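Each chain, letter by letter, is given below.
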Amino acid sequence: MVDIVVSVAAKVAEYLVAPVGRQCGYVIFSNRYVGELRKELENLDDARVGLQRSVDDALNNMRDIKCEVNRWKNNAETVADKARGLLDMDVRAKKTCFCRWLPNPKEHYCLGRDARKTIQAIQALVPQGKFEKVYYESDPPGRVAGASVVNSSAADGGNTIADSRASIIQGIMEALDDEKLKVIGVYGPGGAGKTTLLKQVKETLKKKGRPFDMIVTAEVSQTPDLINIQGQIADALSLNLKDKETQQGRRDHLLQRLQSNPEEKVLIILDDLWKELNLEAVGIPLGDVSGKCKLLLTSRFKDVLEQKMFADRTFFLESLNNDEAFRLFEKTVGDRLKDDKELKAIAAQVVNKLAGLPLLIISVAKTLKNSSASAWRNALIKLDEPNAETIVKLSYNHLKSKDAKSLFLLCGLIGGTIQVETLLVLGMGLGLFEEFDEKIQGARDKLNTLLDSLRSICLLQNGGNNKKNVTIHDLYSEVVVSTPFEGQNSLMMNNNYRPRTKEKLEKCWAICLVDVGSDRLAELTRCAFPELKILMLSQPKNWKGRPAHRHGEGDCCRLNFTYMKGPRVLYLCSMYIPTLPSSIEILRNLWSLYLDHCDVGDVAILGKLKALRILSFAGSKISRLPKEIGHLTNLRSLNLSKCEELEIIEPGALKRLIKLEELHMMQSFNQWTHKDEMQSESCNAWLGELKSLTKLTSLEISINDPTILLEDDDLPFGNLITFWINIGNAKRTSGMQYEGLSTMKLKLEGCDSILSRECIKKTLQNTQDLHLNGMREFKNNAHELCARGFPQLKRLNIEDSPSIKYIANSSDGAFPNLESLSLSNLINLEKICHDFVGSRSFSKLKIVRVSECGQLKYLWCLSQMQKLVRLEEIYVSECNSMRAISTDGAGKDVGSICSMVELPNVRFLELVDLPNMTSFCTTTEITSEDAPLQVTFPNITTLKIGAVKCKKLWNNQIPNDSFCKLESLELNHCDNLQRITPSHMWKRLQCCLENLEVISRRSIEIIYEGDGMDTEGGKLTTLVLRDLEKLRHIWQCNDLPNVPFPNLRDVEVVRCSHLEMLFPTFTAKFLGQIEDLMVESCEDMKQIAGHEKAEEAVGMTITFSKLIALRLFESFLPMKYPAVFPSSDVSSGTEPNQGSQ
C-alpha cells in the first residue's frame, strides 16, 4: 500500500513539478535564452545571406528559383523578424521596473518562453536552408525535345529541299541511325549549301524525334579557334567553363561532361573544316571511349574528312541540276519572270552559268530582281566566264555607292562573322562617312543603310538572331583578298591569302592577321608599307579574351611604324603590350586605334596622336588613364568598357575631350572623386569634368556613390540619345536583358533627393529600361518620377522600395510604351493602378512579374485588364495578401463593366506561393446582369500553379476557346485542389496537353477523370507525379473505351505510396512506345500494368522497342505477358522479373 502511494506521489510530482520547473526556468534563465537567441539569429542571418547570393547568381543567369527555396526565405524572414522583436523586448524589459534594479517577472517569463521556442525554430530551419541547387534546371539549348507531330513535307524541310538533296538527307539520317558509324562527313564546293543542309538535317532530327538527346553545333572555319569551338559546344550543353583558366582545363571539363552519361546520345556537328581538327584538344571523345557520341562534319575537301578526320561515311553535295537551279532563281526573283518570255530566256542562260551553286544563284537573282531588262542582258555578257570572281564582281559592280563597295572589301578582309560596331569605327577610320559632318550617330545610320544594301544582294548575311553582327561567306572573302577590284590598285592580306613576294606585300593597303606569331611580326617590321591604310593584328587569347601567353618584352613593342606613315586604322587585339613602341607617334594620320583585350602598360604616348578620332581599350587590362589622353582634342569616341582593373583616371584626362560624342565605361571605372577631395595628390577625376563634354550623345557610366550627384546639377545627361547609367552600384536584375535600350539603374538607399536633380529628370524622359531600388522617401506613385509619364520607357523594374504605394495614378499618358513590368519586395504596394488610368497606359504591356508584395490584393481591376490585349506572360509569386489577379473594381460603376475579358496573346501564366488566392477573378458586388467575372486565355500554352489555396482551377462556365492550346500544366503544393480538372475540361485538354506535372498534392486521388472518348488524338507525352500521398489511380479502367494517354513517352512516378498500379489498361502499341519509365518509392505498387484492353491478345509478347531508361522496384507486367527489351539502353533500375527475355 505504501509503495502504491509513493508511486502515485512520484507520478503526480513528475506531472506537476516538471512543468512548474520549466515555467520558472523561463523567468530564471531568460537572459541565457536571449544570449542563445542572439547567436542563433546570427547563424540564421549567415544562412540567409549565403542563400541569397546563390539566388542572385541564379537570377542573373536567367534561372527559375525553386518554390521550396522561396518558401524557406519567407519562413526565415518571419522567424528572423520574430527573433529581432524578442531582442528589442529584452532591451525594453531591462529598462522597466524599479529603475532597472528589479526585473519584471511577467515580461521575463514571456521573453524566456518565446526566446526558447524561437531558438528551436531557428535550429530546425537552418539545416533546411542548405540546398544543393536553388534553381530549377533548364534544358540546355542543345537538348532535343520529344517528337512533334509534323507532316512529311515539313519533316523534310518542305519545298526548301531540292529533290537531288532529299536523297542525301535520307542517307545522312540512315548513317546517323547506324550505331557502327561514328563519324559522318559531307563535302562539296564552296557555296553549294553545306551549312544550309546541316540546318535542315538538324531540324529534321528534332521534328522526327531521332535518337539523340543532344544536338550540338560549332563552326570551325579556316582558322580554327579551339577556345571558341569549346565555348560553342559548352553553350549548347549549358556547361560552365568560365572557372577553367587553361585550354587543357576546359578540354578536360568538356570531355568529362560528354562522357558523364554513357547512355546519352550526343550529335556534335562541326561545320566548315579546312584541315584536320584536333578533337582531343577540343575535348571531344574519340574511338572506343566516344560512347554514344557521333560527329557530323562538313568540308570542301573529301581528303580532310576521310584521311584527317577518319569519317566512316561521306556524302558529296554536288551542285544543283539545271531544273533545280532555275526553280531557286525563279523563286528568288519573285514575279519578274511571270509572263515575260524575254527575261525568262535570259534567266535560263544566266542560271546555266552559275555552276548550280545556291549561294551564287541567290546572290545574282537578288542583284537582278529589281533591275531593268538591259541589266539582265549585260549580266549575261559578264557571266561568259563562269567563275566565282566574275560572279562576285557582278554583284559588286551593281552597288551604286562607293562607300558600300569599300565596306564590302573591308568585310572580305576580316572574313567570317564581324561585329557591326567594329565596322563602324573601321569605316570611320577610313573616312567612309565624312559627308555626315563626322557625327558618329550619322555615321552609324549611314552604315546600317550600306549594310542593308549588301544584305539585299546576299553579299552579306546577318550573323545571328540580331543585327549586331554580319557574316560574309568565305567564298566571297577569298575573292576579295586575292583579286584587285576596280579602283583598288593595291592588294589585301589576311591569314588565308598573302602576296608571294616582298614587293607585292609592301603594296598591300590592308592587312588583317589572326593569331599572328613572332615570325610574322618580324616579317612585317622589315617591310615598308607606303600604301597601308589598315593594320589589324591579334594573337591567341584565353577564354576571357586576354593574351593567352606573353612574349618576353611584348611582340608589339618590336613593331616598327617608321615606314607606315599612312595608316588610318590600327587594330591590336589580345596582345601583351607593357610599353607601346616609340615609333607609334609617327602615325600622325591615324584616326582609329583599337587596343582591345590587351595587357597594356603606360599609354601616355598616345596623347601625341592628335588626329585620333576613335580610341578603344575595351576589355583590356589597364590600370591608369593618364592626363595626356586629354590632348586628343579631336577624339569622338572613347571606349573603356570592361576595363575591370582601371582604378585611376587622372584629373584632366576627360575634361579637354570637348568633341567627344561617345564615352563607354560599362563594367569599368566607378570611383569618382568628391569635390572636397580634389586637392589630394592621389585623387581621381570628378564628374564635373563631364560638363565640358557638351557634344556627348552616348554614355555608359557607373557612379558608385550617389551623393556625388548632389554636388553638380548641370551634367550633360539631357542631350543623350543612348545611355547606360548605373548609380549606386545597382546589380543586374532577373528577367530578360534588353540590350540596346537606354538604361538607367538607380540604387538610392536614402538618397531619394537625387531624383529631383535636373540632369536626372531629363534623362528619365528618354529612359527605355529603368531599374529603381531603395526608394524610401521620394514618391508614392512611380510614374510621378517623370513629369511626362515615361513616354519612352519599355521596361520598368522596381525593387526594395517601401515608399512605393502605386505604380500609376489617374493620368492619360503614363507608360504608353511599357512592355515589361517587374515589381519585387515592395512591402507597401497597394495597387498597380490607383484609380482609373488613361487608355494608353500599359497598352503595350507584354510581361508582368510581381513577387514579395505583401500588401497587394489584386493586380488589376477588370476594366484595366480589358486594355492588356498584348500581354504575353504573367508571373506572380510570394504575395501573401493576393486574393485574385483581377477584381471587378467595386464601387466604380460595376454595371458598366463587361464581365468577360479576353487576353488573346497570353502564352505563359505562373502563380506561386499565394496563400490567400482562391480564384483568378473575384467580385465584391454582383454585376447588373448577375454574370460571373471571367478572363479567357485562348492561346495560353503553359500554366504553372504552386502553393495556392483554390479548390478548383476551372469552373463549369469556361468559354469554349479558353485553354484550348494549353501544352504544359504544372501543379505544385496545391493542397486544397480536389481534382486536376473536371471531365468537360479533359475533353478540351486532350488534343493539346503535352506535359503534365503534379507534385505534392494531398487531396488528389485520381488524375484522369474524363470519359475516355476521343482519346486517339491525345497529345500527352510526359507525365510526372511526385509526393501524392492519396493518389490511388492515374485512371480507372471501368467504362473507359480507350487508353486515355495513347502517346505517352516519358513517365515518372515518385513517392505515391497508395498507388497500386500505373496503367490499369494498356495496348501493346501503347507500352511499345514508352521511352523513359521511372517508378520509385511507391510502397503499395503491385505491378506497373494491369490487363490489355479487351484481353484481345492474351499471352502476346510486349516489345518495348523505344525504351531508353528503366528504373523500377516492382514487377512489370502480369505473368501472361512476356516482355522483350531490345534496346541496350535500359539502365539504372531493377531488371524486370516477369517474362523478360
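Calculation rules
Residues numbered from 1 in each chain as written. Predicted model: local features only at pLDDT ≥ 70, side-chain atom pairs only at ≥ 80, totals over all residues. Heavy atoms only, no water. Axes fitted to C-alpha atoms, helices over the stretch in contact; angles between N-to-C directions. Helix = DSSP H or I, 4+ residues; strand = E, 2+ residues; numbered from the N terminus. Parallel < 35°, antiparallel > 145°, perpendicular 65-115°, else oblique. Left-handed = near helix turned anticlockwise from the far one by under 90°. Contact = heavy atoms within 4.5 Å. Nonpolar A, V, L, I, M, F, W, Y, C, P; charged D, E, K, R; others polar. Pairing = 2+ DSSP bridges. Core = buried A, V, L, I, M, F, W, Y, C linked by side-chain atoms within 4.5 Å. Buried < 20%, exposed > 50% of the residue type's maximum accessible area, 1.4 Å probe, protein only. Expected span 1.5 Å × (residues − 1). Polar contact = N/O pair within 3.5 Å; in protein donor to acceptor, adjacent residues only side chain to side chain. Salt bridge = Lys/Arg side-chain N within 4 Å of Asp/Glu carboxyl O. Patch = residues over 30% accessible without salt bridge, like charges linked within 9 Å, V, L, I, M, F, W, Y side chains within 5 Å. Areas by Shrake-Rupley, 256 points an atom, 1.4 Å probe, with all protein chains shown as cover. Lys, Arg positive; Asp, Glu negative; His and termini not counted. Charge placed at Lys NZ, Arg CZ, Asp CG, Glu CD. pLDDT = per-residue confidence, 0-100.

1. Concerning the packing of helix α12 (residues 322–333) against helix α13 (residues 341–352)
For the pair α12 and α13, interaxial distance at closest approach is 10 Å and the crossing angle is 120 degrees. Looking at the two axes, α12 sits oblique to α13. Crossing handedness for the pair α12 and α13: right-handed. On α13, the residues touching Asn322, Ala325, Phe326, Phe329 and Glu330 of α12 are Lys344, Ala347, Ala348, Val350, Val351 and Asn352. Grouping the amino acids of the contact of α12 with α13 by side-chain chemistry returns seven nonpolar, two polar and two charged.

2. Details of the sheet that holds strand β10 (residues 469–472)
Remark on secondary structure: sheet strands pair via backbone hydrogen bonds, oriented parallel or antiparallel. The strand order β8-β10-β9 describes an open sheet built from three strands, whose pairing is antiparallel. With one partner strand each, in any of the chains shown, β8 (416–419) and β9 (461–462) form the two edges of the open sheet. Pairing analysis gives two bridges linking β9 to β10, with the strands arranged antiparallel. Following the sheet pairing, Asn462 is matched in β10 by Val470.

3. Looking at the nonpolar core
Grouped together as the largest cluster of nonpolar side chains are 176 residues, with contacts concentrated most on Leu606, Ile807, Phe842 and Trp860. When neighbours within four sequence positions are excluded, Phe842 is seen to be in contact with Ile807, Ala808, Ala814, Phe815, Leu818, Leu821, Ile832, Cys833 and Leu868. With 69 residues, the next largest nonpolar core counts Leu317, Val470, Tyr476 and Ile614 among its residues.

4. A few points about helix α17 (residues 402–414)
The end-to-end C-alpha distance of α17 is 19 Å, a good match for the 18 Å that 13 residues give at a rise of 1.5 Å each. For α17, the tally of buried residues reaches 11 of 13 residues, placing the bulk of the element in the interior. Those residues of α17 not exposed but buried are Asp403, Ala404, Lys405, Ser406, Leu407, Phe408, Leu409, Leu410, Cys411, Gly412 and Leu413. Where α17 starts, the residue carrying a side-chain oxygen 3.2 Å from the main-chain nitrogen of Asp403 turns out to be Ser401. Just beyond α17, the residue with positive phi is Gly415, at close to 75 degrees.

5. Thoughts on the environment of Leu593
Relative to the helices and strands, Leu593 is located in strand β16 (residues 592–596). In this structure the C-alpha to C-alpha distance between Leu593 and Tyr571, which are 22 residues apart in sequence, comes to 5.9 Å. Residues within four places of Leu593 in sequence aside, it is in contact with Leu570, Leu606, Leu609, Leu612, Ile614, Leu615 and Ser616.

6. Points about the pattern of salt bridges
Taken as a whole, this structure holds 13 salt bridges when the rule is applied. Between Lys302 and Glu306 there is a salt bridge, with its nearest N and O atoms 4.0 Å apart. Residue Lys302 and its partner Glu306 are both found in helix α11 (residues 302–308); the two are separated by four residues, about one turn of the helix. By relative accessible area, which is 38% here, Lys302 ends up partly exposed. Between Glu662 and Arg444 there is a salt bridge; the shortest N-O distance is 3.0 Å.

7. Side note on the packing of α17 against helix α20 (residues 474–482)
Between α17 and α20, whose axes approach to 8 Å, the crossing angle comes to 105 degrees. It follows from the interaxial angle that α17 and α20 lie roughly perpendicular. Contacts between α17 and α20 involve Phe408, Leu409, Gly412 and Leu413 on the former and, on the latter, Tyr476, Ser477, Val480 and Val481. Of the residues that constitute the contact of α17 with α20, the class distribution is six nonpolar, two polar and no charged.

8. Some points on the sheet that holds strand β3 (residues 183–187)
Pairing within the open sheet is parallel, and its five strands lie in the order β4-β5-β6-β3-β7. Both edges of this open sheet fall to β4 (214–221) and β7 (313–316), since each of them pairs with a single strand only. In this sheet, adjacent strand axes meet at a mean angle of 15 degrees when their direction is disregarded. When strand β5 (residues 266–273) meets strand β6 (residues 293–299), the two strands line up parallel, connected through six bridges. Following the sheet pairing, Leu267 is matched in β6 by Lys294.

9. As for the environment of Phe1063
By the element assignment, Phe1063 lies in strand β44 (residues 1061–1066). Assessed through its relative accessible area of 1%, Phe1063 is described here as buried.

10. Regarding the side chain of Asn797
As for its position among the elements, Asn797 is in strand β27 (residues 795–799). Among the polar contacts listed, one links the side chain of Asn797 to the side chain of Ser822, at a separation of 3.2 Å.

11. A closer look at a positive patch on the surface
A surface patch of like charges, here positive, comprises Arg588, Lys610, Lys627 and Arg656. Taking relative accessible area as the criterion, Lys610 reaches 45% and is therefore assigned partly exposed.

12. Topic: the confidence of the model for the protein
Averaged over all residues, the pLDDT of the protein equals 77, while 77% of them reach at least 70. In this model residues 98–102 is a low-confidence stretch, pLDDT under 50, and it forms four contacts with partners more than four residues away in sequence or in other chains. Below a pLDDT of 50 lies the segment residues 1093–1098, which in the model reaches 12 contacts outside its immediate sequence neighbourhood of four places, other chains included.

13. A word on α12
Between the first and last C-alpha of α12 there are 17 Å, a value that for 12 residues agrees with the 16 Å anticipated at 1.5 Å per step. Every buried residue of α12 is listed here: Glu324, Ala325, Phe326, Phe329, Thr332 and Val333. Just downstream of α12, Gly334 is the residue with a positive phi angle, here 75 degrees.

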